[in-house]
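# Coordinate analysis (summary)
Next come the chains, spelled out residue by residue.
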Amino acid sequence: MNPIAVSEERNKLKRFYETSCDYKKLLDAHNRGYLQPYVDTVNRYARPGSSILDLGCGNGLSSYMLSEHGHRVIGTDISLFFLAEAAQLQNDKLKYQVCDVLDLPFADRSFDMVCSNELIEHVFDARKALTEMMRTLKGGGILVVMGPNLCSPFWALIAIASIIAGRDGRYIWAETCWQAIRWGCRNLILSLKKRFSSKVTFLYRKPDLEKASAGGDSDSVYYANPIDLERFLKAHGMRIISLCESPTLKGRIVARLFPRFHLYISMVSQKNEDQSI
């Protein structure tokens, strides 16, 4: 998309997040059980009493859960509508703030940890978002980026198995077996090209907001994948600690064998003390 089209789509997406009651219901369904793997991953790498910036926190529950571990947390989201009910959760160790990940209102090297869950796939400029995350991170600090790997070919295999079993495929992406096969082939080819290319190429799509309230990442704009993130972060001096993590045994096996093709991104990296950004 050209810059004007990107700006228009970005504003449209922002308005959607600021007004959609149905989408907010979808976010509110992300309960403690849903968010626990994210919170556990962040807490595993956090020092006691860390200052944490939780980006794209939606209804604020993930930030609250992190604060329960004794950390000082600022939870942010682009939508005041999403955060409206979170104000009552604030305390000495937990604050919420409405802001855009592409232009964070925090000084350089402000936080021990910067983390996000299911955010990166919703930003039109992943480079800028990652740069802002690194900028606000202290030297030696930890960056955690989690979310769906929208380039994983394994999504298609799961959709095909589900359809064969008489259940629904993956909404939007693979609602029929033929659609799933095409999606899987596309993702496999794309991931292999990225894996063996020396360039970082962030690919974007136009979000389908008419179907976003039903889930399925139809509101995503960036084809998020760990290969892009790994290469970009390394190029800017970050040290990759973990390419992929999973709370389940099956997930850990896949993460060990195919860390860049796993269904989910759960990348942990560390900023060097003398890193310029």
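Residues numbered from 1 in each chain as written. Predicted model: local features only at pLDDT ≥ 70, side-chain atom pairs only at ≥ 80, totals over all residues. Heavy atoms only, no water.

## Observations concerning the sheet that holds strand β3 (residues 94-98)
Overall, mixed pairing links the 7 strands, which are arranged β3-β2-β1-β4-β5-β7-β6 in an open sheet. Of all strands in the sheet, those bounded by a partner on one side alone are β3 and β6 (239-242). Recorded for the sheet is a direction-independent mean angle of 20° between the axes of neighbouring strands. In the sheet, strand β5 (residues 137-148) pairs with strand β7 (residues 264-270) via 7 bridges, with the strands oriented antiparallel. Its bridge partner lying in β7, Met146 is registered against Ser266. (Pairing = 2+ DSSP bridges. Helix = DSSP H or I, 4+ residues; strand = E, 2+ residues; numbered from the N terminus. Axes fitted to C-alpha atoms, helices over the stretch in contact; angles between N-to-C directions.)

## Description of the pattern of salt bridges
Under the counting rule described, the total for this entry stands at 15 salt bridges. Of the charged contacts, one joins Glu85 and Lys24 as a salt bridge, the two residues approaching to 3.6 Å between their closest N and O atoms. With Glu85 in the loop between α5 (80-83) and β3 and Lys24 in helix α2 (residues 21-28), this pair connects stretches of sequence that are 61 residues apart. What makes Lys24 buried here is its relative accessible area of 8%. Across the pair Glu230 and Arg260 runs a salt bridge, and its minimum N-O distance is 2.9 Å. Taken together, the residues span a long stretch of sequence, with Glu230 in helix α9 (residues 226-235) and Arg260 in the loop between α10 (249-257) and β7 at a distance of 30 residues. By the burial criterion, Glu230 is buried, and Arg260 matches it. Through salt bridges with shared partners, a single ionic network connects Glu9, Lys12 and Lys206. (Salt bridge = Lys/Arg side-chain N within 4 Å of Asp/Glu carboxyl O. Buried < 20%, exposed > 50% of the residue type's maximum accessible area, 1.4 Å probe, protein only.)

## Let's talk about the pairing of strand β4 (residues 111-117)
Sheet faces and side chains relate simply in a regular strand, where the side chains alternate between the two faces. Judged by how many residues are buried, β4 sits mostly within the fold: 7 of 7 residues are covered. Relative to β4, strand β1 (residues 51-55) runs parallel, the two being bridged by 4 bridges. Residue pairing for β4: Asp54 is matched across the bridge by Cys115. The sheet contact formed by β4 and β5 spans 6 bridges and is parallel. Looking at β5, one finds that Asn117 is bridged to Met146. Between the parallel elements β4 and β5, the chain passes through helix α6 (residues 126-135) in a crossover that is right-handed. (Right-handed = clockwise from strand over helix to strand, strands pointing away.)

## A word on the environment of Met267
Among the structural elements, Met267 can be located in strand β7. Linking Met267 and Gly147, residues 120 residues apart in sequence, is a C-alpha distance of 9.3 Å. Beyond its immediate sequence surroundings of up to four residues, Met267 is in contact with Leu143, Val144, Val145, Pro226, Leu229, Glu230, Leu233, Ile240, Ser242 and Leu243. (Contact = heavy atoms within 4.5 Å.)

## Notes on the packing of helix α7 (residues 154-164) against helix α8 (residues 177-195)
Orientation of α7 relative to α8, taken along the N-to-C sense of each, is 165°, at an axis distance of 8 Å. In terms of orientation, α7 and α8 fall into the roughly antiparallel class. Both α7 and α8 take part in a crossing whose hand is left-handed. Only Cys177, Ala180, Ile181, Trp183 and Gly184 of α8 make contact with α7, whose side of the interface consists of Trp155, Ala156, Ala159, Ile160, Ile163 and Ile164. Classifying every residue of the contact of α7 with α8 gives 10 nonpolar, 1 polar and no charged. (Parallel < 35°, antiparallel > 145°, perpendicular 65-115°, else oblique. Left-handed = near helix turned anticlockwise from the far one by under 90°. Nonpolar A, V, L, I, M, F, W, Y, C, P; charged D, E, K, R; others polar.)

Any link to function would need more than the numbers given here.
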